[in-house]
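Descriptive structure summary
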Amino acid sequence: MKLARAHEMQQLDRAAIDQYHIPGAVLMENAGSATVDHMLRELGPVAGRDALLFVGPGNNGGDGMVIARRLFQLGGSPFIVFLIDPQKFKGDAAVNYDTVKALNIPSRVILDADAMAGFTGEIINAIVKRPPWAIIDAIFGTGLQRPLAGHFLEAVNAINRINKTSACPVVAVDIPSGLHADTGASMGAAVQADHTATYGLAKPGHFLHGGPFCGKVHVVDIGIPTPALDNAELKGEAVDRSIMDTFIDRSPSSHKGSYGHLFVLAGSAGKSGAALMCGLGALRVGAGLVTMAVPADLRTVFESNLFEAMTLMLADSRKHPSSRDFGLIMENLAGKSALAIGPGIGTEEETRELVLRLYTEARLPMIIDADGLNILAMTPERIADPPAPRILTPHPGEMGRLTGMSAKEIQADRLSAALEFTAAANTAAAHVTLVLKGAGTVICDPAGSWAINTSGNPGMAAGGMGDVLSGIIGGLLAQDVEPDIASRAGVFVHGMAADRLATGRRFGYLASEVADMVPAVITLHQQQNAN
C-alpha cells in the first residue's frame, strides 16, 4: 500500500485539478460521500440517529459539511459545531456551507475556549439520554503544522471527553485532528478516533506514533487519476500482508543447502542468550543451516541450548569475540550465504576491531544489530559505502548514537531521521539499508524508497525481541532474499507472530515464543493463498 507525505498528497490533489481537470468540488464530494459509506458499513444505519460534527477551516471543514449533508439525506440528524466563522469559508468549502445552510442543518458557531467548555458540558448531559450515532472530527487535516491552541485545542479535548463518557464512536476525516501527517506526533493533543477515513492514500502519521490515535484506517478513493499516482513516483509504502508473498512454497526436491547458510557472530559472557535468540530466529524463518561463531569459554552454553545450529569455536576468543580470530572467521565464511553480527557481542576493544574489519572487508550480505551498531557508532565515518549489502537495525537509542542525535530527536521525526541517515550512508556504493525499530518500524533502502511496518504490538517491549528479528532478517538474507525485501518481510512476519501470540495474552510472551510462531504464520498465509 503506497503512502504519501502531506506535501505529496497536496501535489496529487493539485495534479488532479490542474492537469486532469477534475474540479476540487468533485474531489471533496467524493471524499465526504465515501467517508459516509465507510461509516455505514462500520456503524450501521444512521436514520433516526444523531451525529455531531466538529468542523474546522479549509478543505477538511468542507469534507465535514459534505458528510453532514449526506447523513441528513439518509435520515440522520446531524449537528454541526463550526470552529470558524462560516462566512469565512472560501471556494469549495463555501459552496458546501451554502448547501448545509439552505437545508437548515442545525449548527452552532464556537470561537473561544470558554464557550467550547460550556458546550461540552451540555453535550455530555444530553448524550446520557440520547447517545449519538457518531462524532465526526473534521477540524484539521494533513496540513496542520503547529500545536493546537485555544478553542481548537478545547474542541479536540471535548471530542475525547464525549467519547470517553458515551463510548460513542469517533470518526476522523483524513487524520485525527492534532496529529502531524508525516511524523504521527501529537501536536499538543489529538483526537482519539475509532475510525479514520483517509483520502487518496494513507499517510506516514497513520502508522508511526499516530497509530493508536487513528483506530481502524480506511483508505478512501476520492478520484485521483491513476496516471497522476504513477507520475508522482511515490517512494513510501506501508508494509502489509502482501509482503508475505515473499515466502514461497518449497520444492519437493529441495534440501537444506537450498535455503542458505547464515554465519552468526554474536554473544559474549553474560549475553549468550542474545546470540541464541538470533540463531533461533534464523532457523525458524527457514534458513537451511546456521553456524554460530562461539568464544571458547561459551562453547558448551551454545551447543547445549540450540542443537540445530553448528558451532565454530573461536580458539583465541575466550569470553567475547576477538580480532585475533579474524583470519579463522574469514576462512569459515567460505560457502556461507550471509552474516549476522552484533547481538550480545559486547564492545571490548578487540571485539570492536573485529566487527569493524568484518563490516568493511567481508563481501557477504550482513545484518548488524545491538552492540555491532554501538561499535559502528564509535567510528561513524566507517559506516558509508561498505563492500557488500548491509542492513542496520537500530532502536531509537542506537540510532541516536549512530547519528549524534538524542533518542527524543529521533522519535520526533523517525522517517526523516531514517531517510537522512540512509542517504549519507550510500554516497558511492548503494549497499546500506536501515531498519529503525519501534512502533511503526521504518525501513529505508539505498534507492531512497521507504516503508513503515503495520504489524506488531506493545507486548513486544521485552528482551530478546530485537535479537530474534536480527536472526529472521539474517535468515532471509541467507536464502538470497534482496536486502530491502528481507528487511520488510522480516519485520512484518516478526510482528505478525507477536500479534498472533497477543490474541491470547497481551504481554508476557517471550522472544523465543515469537520465533517459534514464525513458521505457523508463514504456513497460514500460504494455505490462505492456496485457497
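About the criteria used
Residues numbered from 1 in each chain as written. Predicted model: local features only at pLDDT ≥ 70, side-chain atom pairs only at ≥ 80, totals over all residues. Heavy atoms only, no water. Helix = DSSP H or I, 4+ residues; strand = E, 2+ residues; numbered from the N terminus. Rg over C-alpha atoms; globule rule 2.2 N^0.38 Å. Buried < 20%, exposed > 50% of the residue type's maximum accessible area, 1.4 Å probe, protein only. Lys, Arg positive; Asp, Glu negative; His and termini not counted. Charge placed at Lys NZ, Arg CZ, Asp CG, Glu CD. Pairing = 2+ DSSP bridges. Axes fitted to C-alpha atoms, helices over the stretch in contact; angles between N-to-C directions. Contact = heavy atoms within 4.5 Å. 1 Å grid on protein atoms, 1.4 Å probe; cavity = no way out; pocket = protein on both sides within 12 Å on 5 of 7 lines; lining within 4 Å. Points joined across faces, edges and corners; volume = space filled by probe spheres on them. Nonpolar A, V, L, I, M, F, W, Y, C, P; charged D, E, K, R; others polar. Core = buried A, V, L, I, M, F, W, Y, C linked by side-chain atoms within 4.5 Å. Salt bridge = Lys/Arg side-chain N within 4 Å of Asp/Glu carboxyl O.

**Re the overall build of the chain**
When helices and strands are counted, the chain shows 19 helices and 18 strands. Computed over C-alpha atoms, the radius of gyration of the chain comes to 26 Å, within 12% of the 24 Å expected from 2.2 N^0.38 for 531 residues, which places it in the range of a compact globule. Counting only C-alpha atoms, the chain reaches 85 × 50 × 45 Å along its principal axes. Counting only residues that meet the buried cut, the chain has 56% of its 531 residues in that class. Across the chain, 42 positive and 53 negative side-chain charges occur, with their mean positions spaced 4 Å apart.

**Thoughts on the sheet that holds strand β6 (residues 170–173)**
Judged by pairing direction, the sheet is parallel, and its seven strands sit side by side in the order β4-β3-β2-β5-β6-β7-β8 without closing on themselves. In this open sheet, the two strands that pair with only one neighbour each are β4 (107–109) and β8 (216–220). The average angle at which neighbouring strand axes cross in this sheet is 20°, direction not considered. Relative to strand β2 (residues 50–55), helix α3 (residues 58–73) is tilted by about 165°, and along the sheet it contacts β2, β3 (77–82), β5 (134–138), β6 and β7 (195–199).

**Describing the sheet that holds strand β15 (residues 390–392)**
Overall, mixed pairing links the 11 strands, which are arranged β1-β9-β18-β17-β16-β15-β14-β13-β10-β11-β12 in an open sheet. Sheet topology places β1 (2–3) and β12 (310–314) at the edges, where each strand pairs with a single neighbour. Bridge count for strand β16 (residues 432–436) against strand β17 (residues 442–444) is three bridges, and the pairing is antiparallel. Note on β17: the bridge partner recorded for Leu436 is Val442. The sheet contacts of helix α16 (residues 414–425) involve β15, β16, β17 and β18 (450–453), and relative to β16 the element is tilted by about 160°.

**Observations regarding the side chain of Asp325**
Inspection of the secondary structure assignment puts Asp325 in the loop between β12 and α11 (326–332). Aside from chain neighbours lying at most four places away, what touches Asp325 is Leu314, Ala315, Asp316 and Ser317.

**Some points on empty space enclosed by the protein**
For the structure on display, the rule yields one cavity of 30 Å³ or more. Estimated volume of the largest cavity: approximately 60 Å³. If one sorts the elements of the lining of the largest cavity by residue count, helix α2 (residues 24–43) sits on top with five residues. Tallied by class, the residues present in the lining of the largest cavity amount to four nonpolar, five polar and one charged.

**Structural notes on the nonpolar core**
One finds Phe54, Phe89, Met116, Ile136 and Ile139 to be the most contacted residues of the largest nonpolar core, which totals 70 residues. Considering each element in turn, this core owes the most residues, six residues, to helix α6 (residues 150–166). Other than its neighbours up to four places away in sequence, Ile136 contacts Met39, Ala51, Leu52, Leu53, Phe54, Ile67, Leu71, Val171 and Val173. By size, the runner-up hydrophobic cluster in this structure holds 57 residues, among which are Ala266, Ala309, Ala340 and Ala486.

**Quick notes on the pattern of salt bridges**
As enumerated under the stated definition, the model contains 19 salt bridges in all. Of the charged contacts, one joins Lys2 and Glu237 as a salt bridge, the two residues approaching to 3.9 Å between their closest N and O atoms. Of the two residues, Lys2 is situated in strand β1 and Glu237 in strand β9 (residues 236–239); the sequence distance between them amounts to 235 residues. On the accessibility criterion, Lys2 (35% relative accessible area) is partly exposed. Since its relative accessible area comes to 27%, Glu237 is described here as partly exposed. Between Asp174 and Lys203 there is a salt bridge whose closest N-O contact spans 3.2 Å. Of this pair, Asp174 sits in the loop between β6 and β7 while Lys203 is found in the loop between β7 and α7 (211–214), placing the two residues 29 residues apart along the sequence. Residue Asp174 is classed as buried on the basis of its relative accessible area, which comes to 10%. For Lys203, a relative accessible area of 0% corresponds to the buried category. Among the charged side chains, a salt-bridge network with shared partners connects Lys2, Glu237, Asp445 and Arg488.

Geometric values such as these leave the question of function open.
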